[in-house]
Amino acid sequence: MPLKSVTSFALASALLSGMAMAEDATLPKLTVNEELRAKLPEEIKTAGKMISVNNGSFPPYEIVTGTKMEGASADLTDALGQVLGVTIEHATVGGLPALLAGVNSGRYQFAFGPVGDFKSREEANDFVDWAQEFVVFAVHKGNPNGITSLDTACGQRIAVMAGGSAEKVIKVQAEKCKTDGKEAIEVQSFTDQPSSILAVRSKRSDAFFSSQAPLTYFVSQSNGQLELTGVGQKNGFENLYQGAVVPKGSPLGPVLHDGMKVLMDNGTYAAIMKKWGLENNMIKKPGINLGGTLPK
């Protein structure tokens, strides 16, 4: 088994052992919304299912073990499938570029994510936003390298997700470090969250720069090895929204939007988000292409 598969499996297993943290939620009884089901593309109605693609474990939203996915996104897609009257299955690919390529090629109907919504990504895709996020650092306990912001990341080995928005921001910061006469950042790009966090735990990276929700989960499962830093700062981002991804102009986008609105209005969304400790990532209503912007 390749090293990546071994490390990802080992960390995924550790994450699953911590799932007892998620409290059971009492969910409203859901029924098929026939009006929304009628708006689904004909091929989806005929198949009675659609496939949501993910790029590996992104806890507590997506916790992938083999072909099985659990977490807040799994619970929400189960509920969404009940509202739309279809089964939503999950497929895993390696990295965000492969995820977007799979959606845009039609191999997968959508990615539920949540995936960061940025104007540059809206050129080829539509985003059905259903969460907000903040980007911070996971570092060794005690923060021995003093990484508290983008400026203090100069000269450090920073792990990021390949193809993600955090990678773009840290690369911009790496150039700024050099312009300011400081030591450049060593940007270390990984295709999945488990490999990235493992690099920090094994001290091959000084920090992992990524979304606060999954990093909070990883830190809670690190047996005191890690802590968060840079919390409460913008860290290169403004009003960061995340959501599901469909091809540009896809008729599935408005259907997913209205389906998520049903789940928000009837309390299902809140119950699931709170179950997974994501109260601070909730938004009041879904939106399409709410897109934040990256620094110039």
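Here, every reference points to the structure presented above.
Residues numbered from 1 in each chain as written. Predicted model: local features only at pLDDT ≥ 70, side-chain atom pairs only at ≥ 80, totals over all residues. Heavy atoms only, no water.

Some thoughts on the sheet that holds strand E10 (residues 207-211)
Taken together, the 5 strands give an open sheet; going across it, the order is E9-E8-E10-E7-E11, and neighbouring strands pair in mixed fashion. Of all the strands in the sheet, the pair left with one neighbour each is strand E9 (186-190) and strand E11 (226-229). Each strand of the sheet is rotated relative to its neighbour by a mean of 30°, with strand direction disregarded. Relative to E11, strand E7 (residues 135-140) runs antiparallel, the two sharing 4 bridges. Its bridge partner lying in E11, Ala138 is registered against Leu228. Running over the sheet, helix H6 (residues 165-179) touches E7, strand E8 (157-161), E9 and E10 and is turned about 150° from E8. The strands touched by helix H8 (residues 212-220) are E7, E10 and E11; relative to E10, the strand with the most contacts, the crossing angle is about 130°. (Pairing = 2+ DSSP bridges. Helix = DSSP H or I, 4+ residues; strand = E, 2+ residues; numbered from the N terminus. Axes fitted to C-alpha atoms, helices over the stretch in contact; angles between N-to-C directions. Contact = heavy atoms within 4.5 Å.)

Digging into the pattern of salt bridges
Where charged atoms from two side chains of opposite charge approach closely, those side chains can pair. As enumerated under the stated definition, the model contains 14 salt bridges in all. Across the salt bridge formed by Glu167 and Lys171, the nearest N and O atoms sit 3.8 Å from each other. Taken together, the positions of Glu167 and Lys171, both in helix H6 and 4 residues apart, correspond to about one turn of that helix. The salt bridge involving Asp180 is made with Lys176; its shortest N-O contact spans 2.9 Å. The class of Asp180 is partly exposed, set by a relative accessible area of 40%. The class of Lys176 is partly exposed, set by a relative accessible area of 36%. Connected through salt bridges with shared partners, the residues Asp151, Lys176 and Asp180 form a single ionic network. (Salt bridge = Lys/Arg side-chain N within 4 Å of Asp/Glu carboxyl O. Buried < 20%, exposed > 50% of the residue type's maximum accessible area, 1.4 Å probe, protein only.)

Some points on the sheet that holds strand E12 (residues 240-247)
The 4 strands are arranged E5-E12-E6-E13 in an open sheet whose pairing can be described as antiparallel. Of all the strands in the sheet, the pair left with one neighbour each is strand E5 (111-116) and strand E13 (287-288). The pairing of strand E6 (residues 125-133) with E12 spans 8 bridges and is antiparallel. Bridge assignment links Gln132 to a residue of E12, and that residue is Tyr241.

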